[in-house]
Amino acid sequence: MQPQRIAWCNFLLPVLVAHAAWLWSTLLGAIDGCLPYWDGCVSISKAARSSDALYLFRAGMIIHAVLLLAFWLQAGAFLKLHQSSSSVVRAMQCLGAIGALFLVLYADFLGVDGRIYRLLRQYGVTIYFSFTVLAQMLLLRSLLTLSRTSDWRRSARVQTWLRAKSWLCWWMLALGLASVANSLLLQNPAKDRWENVIEWFFASSMTTYFAFTAMIWRRLGYRQRPHLDASRH
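Given the structure is predicted, the values throughout are model-derived calculations rather than measurements.

1. Structural notes on the packing of helix α1 (residues 3-27) against helix α4 (residues 53-81)
Line of reasoning, step 1. Viewed as axis vectors pointing N to C, α1 and α4 meet at an angle of 165°, and their least axial separation amounts to 9 Å. The pairing of α1 with α4 is recorded here as roughly antiparallel in orientation. Two packed elements cross with a definite hand, and for α1 against α4 that hand is left-handed.
Line of reasoning, step 2. A per-class count over the contact of α1 with α4 returns 20 nonpolar, five polar and no charged.

Structure representation (structure tokens):
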């Protein structure tokens, strides 16, 4: 699969699956009908595990994890083609791979009863979110460095998408800080409500990152497989 398609799939698949699971559970009456981005009435996990949408969600997240591994391989190959630091590339790929593997752990134990399984889900989703975002920030840092030392700086559209990615990462950082503040300052039920709101926005923002990457790769013409691109240099 071409790099741009992998990036687009990592945006579209989790967005469609999470919202389909929420809609499925809502239509069945398994959860209250509301707009989770505003009301914070349900978390992504609860929306998925409250009905047979769980099976759709599990399958979608496992496929997403495989696509994430493919994405970080492609991102690393892209950076190597532009002589980025090999240590940064390895760190980015390791963080991304760990995040993807813990997404599988989270999806596999979602909906399974028991204290141990609940802890595994919590650790799984926490490491998935945190490690994936760290890998995204490393990729952004590398792209910004390359943009200052290559012909990219003359491409207005590439610079526009890089700025969009930068603002997106700042937004995710702000959401992360808001989540910490929510945990420390608020009590239930307000705490749960805002935790759910933050989760939906954070997850959507994290997947949007891949769409922005796809647009950058499109503008730079990164369409071929890494070994084919490398043979041209």
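Moving on from the coordinates now.
2. Quick look at the environment of A100
Line of reasoning, step 1. If you trace the backbone, A100 turns up in helix α5 (residues 86-109).
Line of reasoning, step 2. On the basis of relative accessibility, which here comes to 0%, the residue A100 falls in the buried class.
Line of reasoning, step 3. In this structure the C-alpha to C-alpha distance between A100 and R49, which are 51 residues apart in sequence, comes to 20 Å.
Line of reasoning, step 4. A100 has contacts with A65, L68 and L69, leaving out every residue within four places of it along the chain.

3. Some details on empty space enclosed by the protein
Line of reasoning, step 1. Applying the stated criterion to the full structure yields one cavity of 30 Å³ or more.
Line of reasoning, step 2. The space that makes up the largest cavity amounts to roughly 220 Å³.
Line of reasoning, step 3. Lining the largest cavity we find 19 residues, and of these A18, I44, M61, F129 and A203 sit closest to its centre.
Line of reasoning, step 4. Contributions of two or more residues to the lining of the largest cavity are made by α1, α3 (44-49), α4, α6 (115-149) and α8 (190-220).
Line of reasoning, step 5. Top contributing element to the lining of the largest cavity by residue count: α8, with six residues.
Line of reasoning, step 6. The residue makeup of the lining of the largest cavity, split by class, is 14 nonpolar, four polar and one charged.

4. Quick word on the layout of surface pockets
Line of reasoning, step 1. Roughly 1,000 Å³ of volume is contained in the largest pocket.
Line of reasoning, step 2. For the largest pocket, the lining is made up of 35 residues, of which V125, T126, F129, E195 and E199 are closest to its centre.
Line of reasoning, step 3. Those elements giving two or more residues to the lining of the largest pocket turn out to be α3, α6, α7 (156-185) and α8.
Line of reasoning, step 4. Broken down by class, the residue content of the lining of the largest pocket amounts to 17 nonpolar, 10 polar and eight charged.

Rules and cut-offs
Residues numbered from 1 in each chain as written. Predicted model: local features only at pLDDT ≥ 70, side-chain atom pairs only at ≥ 80, totals over all residues. Heavy atoms only, no water. Axes fitted to C-alpha atoms, helices over the stretch in contact; angles between N-to-C directions. Helix = DSSP H or I, 4+ residues; strand = E, 2+ residues; numbered from the N terminus. Parallel < 35°, antiparallel > 145°, perpendicular 65-115°, else oblique. Left-handed = near helix turned anticlockwise from the far one by under 90°. Nonpolar A, V, L, I, M, F, W, Y, C, P; charged D, E, K, R; others polar. Buried < 20%, exposed > 50% of the residue type's maximum accessible area, 1.4 Å probe, protein only. Contact = heavy atoms within 4.5 Å. 1 Å grid on protein atoms, 1.4 Å probe; cavity = no way out; pocket = protein on both sides within 12 Å on 5 of 7 lines; lining within 4 Å. Points joined across faces, edges and corners; volume = space filled by probe spheres on them.

Shape descriptors only; they carry no functional weight alone.
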